[in-house]
Amino acid sequence: MNKDLTIGNPRQVLWAFCLPMFGSIVFQQLYNIADSLVAGKFVGEQALAAVGNSYEVTLIFIAFAFGCNIGCSVIVSQFFGAKDYTSMKTAVYTTLIASGILCGLLMLCGLFGCQALLTLIHTPEEILSDSMLYLNIYILGLPFLFLYNIATGIFSALGDSKTPFIFLAISSTANIAVDILFVTAFDMGIAGVAWATFICQGISCMISLVLVLRRIARIHSSEHATVFSVPMLGRLAKIAVPSILQQSFISIGNIFIQSVINGFGTSVVAGYAASVKLNNLVITSFTTLGNGVSNYAAQNIGAKKYPRIREGFAAGIRLVWTICIPIVLLYLIAGKYLLLLFMDSSSTEALHTGMQFLWILSPFYFVVSAKLVGDGILRGVGSMTQFMIGTFTDLILRVVLAFVFSRSVLGATGIWCAWPIGWSIATVLTLFFYKNGYWNKNV
């Protein structure tokens with residue numbers, strides 16, 4: 001069901017729209033968590049390390065899919081808010097064609113370049129072959145990743161966050177079952193984990209794409225929509241490219257950090273692999289809520305309802321901080337037991353590494369969540385320069401400090417300490433840009 005986000009109480013509208021998105025991303029993250037969980041529990045510590053090591057490379061591909069999602073979602077939201085349905089359809093069709101070409105190029109790069117990248121980041125020899133096997137199968141499923149992200153972006157732009165939630169709830173639950181089936185019953189090891197994700201994500205992608213195209217076709221437009229428009233591609237790229245660069249450079253930064261972590265041995269890699277999954281579950285969830293704020297801001301910018309943007313920002317902060325409280329308490333108090341889902345209690349060094357990571361980072365979720373809500377506003381209104389400044393400040397600080405601190409007496413602990421510093425400084429910048437935005441001056 002399509003939803004106009006430019007009317008109604010901003011807090012109620014935003015929360016009703018964003019909460020299903022939060023549920024969706026939790027289920028989506030279960031894909032990756034299930035891979036690590038099954039690999040660690042049913043195959044072994046080296047398999048867990050291999051999946052975790054590969055995950056940092058997969059984030060590069062996810063960055064491009066995420067950028068296509070955001071570019072399409074923001075522009076479609078703006079046209080939907082302005083009731084310009086012809087341009088809205090042109091934006092959808094242009095995104096699908098351009099994303100298909102981009103996906104094909106990335107698949108070629110991935111199939112021929114991932115082994116060199118794994119070697120470059122000093123992947124331990126004992127997990128290199130498993131990491132490569134996992135990545136090759138993952139790359140074959142990139143079309144599903146791209147098309148699914150575009151479909152969910154369109155649903156969100158139309159104010160419908162419930163349909164993607166239903167799809168993800170079903171497919172991620174099925175993925176866990178197929179993971180276990182392939183690994184335990186068919187003894188497929190790492191390959192079983194990767195193929196399970198491929199199959200479940202593929203089915204979910206095709207169904208969601210068919211439904212969203214039918215939804216678009218039912219919206220009446222005054223003129224025939226152009227199938228592919230170069231000017232529209234430029235408008236989409238203005239939002240998508242900075243988002244892709246943001247996520248790509250974050251992924252590249254994480255790969256550099258992974259190369260530092262790899263120097264501390266397989267046990268530290270395994271502990272990081274488990275704890276970073278739990279961390280990414282939270283960060284990705286808040287990023288998705290920020291995307292919801294982007295859709296809200298974009299629709300209201302399209303409708304020129306500037307006061308609602310400020311009210312939406314306040315509502316978004318209350319939402320993410322409400323979610324932060326139980327998550328931070330859970331990670332601080334029960335982090336050990338969550339990590340034991342991925343590994344055996346005999347993996348003492350890996351367990352200690354994971355617990356230390358969660359204890360250092362989780363209290364700062366209140367800080368980074370505020371930044372991600374601010375990022376959502378900046379993206380939604382098209383202030384991409386300010387958005388990029390805040391993002392790259394965070395990334396550069398985290399990478400540089402991880403290298404510096406890891407070579408001090410802090411060792412691996414210094415790597416984890418770099419996160420809160422980068423988050424805090426970047427949050428101050430983002431909130432400054434939000435406060436001085438033209439939408440606040442119009443208010």
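Values in this document were obtained by computation on a predicted structure and should not be read as measured data.

*Asks:* How would you sum up the packing of helix 10 (residues 307-339) against helix 11 (residues 348-361)? Please name residues and give values.
*Replies:* Orientation of helix 10 relative to helix 11, taken along the N-to-C sense of each, is 150°, at an axis distance of 9 Å. Put simply, helix 10 runs roughly antiparallel to helix 11. Of the two possible hands of crossing, helix 10 and helix 11 adopt the one that is right-handed. Counted together, Y331, L332, G335, K336 and L339 of helix 10 and L351, G354, M355, L358 and W359 of helix 11 form the full contact between these two elements. Tallied by class, the residues present in the contact of helix 10 with helix 11 amount to seven nonpolar, two polar and one charged.

*Asks:* I'd love a proper account of the pattern of salt bridges, names of residues and values included.
*Replies:* Counted by the stated rule, this structure contains two salt bridges. Notably, a salt bridge pairs D375 with K371, separated by 2.7 Å at the nearest N-O pair. Placement of the pair is D375 and K371 together in helix 12 (residues 365-381), with a separation of four residues, close to one helical turn. A residue is classified by how much of its surface remains accessible, and K371, at 3% relative accessible area, is buried. A salt bridge links D394 to R398, with the shortest nitrogen-to-oxygen separation between them at 3.0 Å. Of this pair, D394 and R398 both sit in helix 13 (residues 384-406), separated by four residues, roughly a single helical turn. Among the residues examined, D394 registers a relative accessible area of 8% and is labelled buried.

*Asks:* Pulling in residues and values, what's your account of a nonpolar patch on the surface?
*Replies:* Where nonpolar side chains cluster on the molecular surface, the patch consists of I97, I101, L105, L108, L111, F112, L140, V227, F228, V230 and L233 and spans about 1,000 Å² of accessible area. Mapped onto the nonpolar patch, the elements with two or more residues apiece are helix 3 (85-120) and helix 8 (230-262). At six residues, helix 3 tops the list of elements feeding residues into the nonpolar patch. Its place among the elements puts F228 in the loop between helix 7 (189-218) and helix 8. Residue F228 is classed as partly exposed on the basis of its relative accessible area of 35%.

*Asks:* Any details on the confidence of the model for the protein chain? Residues and values, ideally.
*Replies:* Low pLDDT means the predicted coordinates in that region are not meant to be read closely. Overall, the prediction assigns the protein chain a mean pLDDT of 81, with 91% of residues at 70 or greater. By mean pLDDT, helix 15 (residues 438-442) is the weakest element of the protein chain at 66, and helix 14 (residues 412-435) is the strongest at 90.

*Asks:* Describe the layout of surface pockets, with residues and values.
*Replies:* Considering only enclosed or pocket space, the largest pocket measures out at about 280 Å³ in volume. V57, I60, L117, I252 and I255 are the residues nearest the centre of the largest pocket, which is lined by 17 residues in total. Looking at the lining of the largest pocket, the elements with two or more residues in it are helix 2 (45-81), helix 3 and helix 8. Ranked by residues supplied to the lining of the largest pocket, first place goes to helix 3 with seven residues. Here the residues of the lining of the largest pocket sort into 13 nonpolar, four polar and no charged.

*Asks:* Report on the nonpolar core, specifying residues and quantitative values.
*Replies:* The biggest cluster of nonpolar side chains holds 122 residues, and the ones touching the most others in it are L142, F286, Y331, Y365, W416 and W419. With 17 residues, the top contributor of residues to this core is helix 9 (residues 266-302). Apart from residues lying up to four places away in sequence, Y331 is in contact with L278, N279, L281, V282, L338, L358, W359, S362 and Y365.

*Asks:* How would you sum up empty space enclosed by the protein? Please name residues and give values.
*Replies:* Summed over the entire model, instances satisfying the criterion amount to two cavities of 30 Å³ or more. In this structure, the second largest cavity encloses a volume near 70 Å³. Along its surface, the second largest cavity is lined by Y134, I137, Y138, G141, A194, T197, F198 and Q201. When contributions to the lining of the second largest cavity are tallied by element, the ones reaching two or more residues are helix 4 (125-140) and helix 7. Ranked by residues supplied to the lining of the second largest cavity, first place goes to helix 7 with four residues.

*Asks:* Before we move on, could you go through the packing of helix 13 against helix 14 and cite the residues and values that matter?
*Replies:* Between two packed helices, both the angle of their axes relative to each other and the distance between the axes serve to describe the pair. Put simply, helix 13 and helix 14 touch, their axes get as near as 8 Å, and they point 160° apart. Between helix 13 and helix 14, the angle falls in the class roughly antiparallel. Every pair of crossing elements has a handedness; the one defined by helix 13 and helix 14 is right-handed.

*Asks:* Explain the packing of aromatic side chains residue by residue, including any values.
*Replies:* Scanning all chains against the criterion turns up twelve aromatic pairs. Ring centres of Y272 and W416 lie 5.6 Å apart, and the angle between their planes is 5°; this geometry places the pair in the stacked category. Here Y272 is found in helix 9, whereas its partner W416 is found in helix 14, with 144 residues between them in sequence. Residue Y272 is classed as buried on the basis of its relative accessible area of 1%. Of the residues examined, W416 reaches a relative accessible area of 0% and is grouped as buried. A connected cluster of aromatic rings, assembled from ring pairs, spans Y272, F357, W416 and W419.

*Asks:* With reference to specific residues and values, describe the environment of G437.
*Replies:* Along the polypeptide, G437 turns up in the loop between helix 14 and helix 15. Separated by 34 residues in sequence, G437 and F403 have C-alpha atoms that sit 35 Å apart.

*Asks:* Please set out the state of the cysteines residue by residue, giving values where relevant.
*Replies:* In the structure shown here, the tally under the stated rule is zero disulfides. Free cysteine C72: the closest other cysteine sulfur is in C68, separated by 8.9 Å. Judged by relative accessible area, which is 1%, C72 ranks as buried. We note that C417 lacks a disulfide partner, and the nearest cysteine sulfur, in C324, lies 20 Å from it.

Rules behind the numbers
- Residues numbered from 1 in each chain as written.
- Predicted model: local features only at pLDDT ≥ 70, side-chain atom pairs only at ≥ 80, totals over all residues.
- Heavy atoms only, no water.
- Axes fitted to C-alpha atoms, helices over the stretch in contact; angles between N-to-C directions.
- Helix = DSSP H or I, 4+ residues; strand = E, 2+ residues; numbered from the N terminus.
- Parallel < 35°, antiparallel > 145°, perpendicular 65-115°, else oblique.
- Left-handed = near helix turned anticlockwise from the far one by under 90°.
- Contact = heavy atoms within 4.5 Å.
- Nonpolar A, V, L, I, M, F, W, Y, C, P; charged D, E, K, R; others polar.
- Salt bridge = Lys/Arg side-chain N within 4 Å of Asp/Glu carboxyl O.
- Buried < 20%, exposed > 50% of the residue type's maximum accessible area, 1.4 Å probe, protein only.
- Patch = residues over 30% accessible without salt bridge, like charges linked within 9 Å, V, L, I, M, F, W, Y side chains within 5 Å.
- Areas by Shrake-Rupley, 256 points an atom, 1.4 Å probe, with all protein chains shown as cover.
- pLDDT = per-residue confidence, 0-100.
- 1 Å grid on protein atoms, 1.4 Å probe; cavity = no way out; pocket = protein on both sides within 12 Å on 5 of 7 lines; lining within 4 Å.
- Points joined across faces, edges and corners; volume = space filled by probe spheres on them.
- Core = buried A, V, L, I, M, F, W, Y, C linked by side-chain atoms within 4.5 Å.
- Phe/Tyr/Trp six-rings, centres within 6.5 Å; stacked < 30°, edge-to-face > 60°.
- Disulfide = S-S within 2.5 Å.

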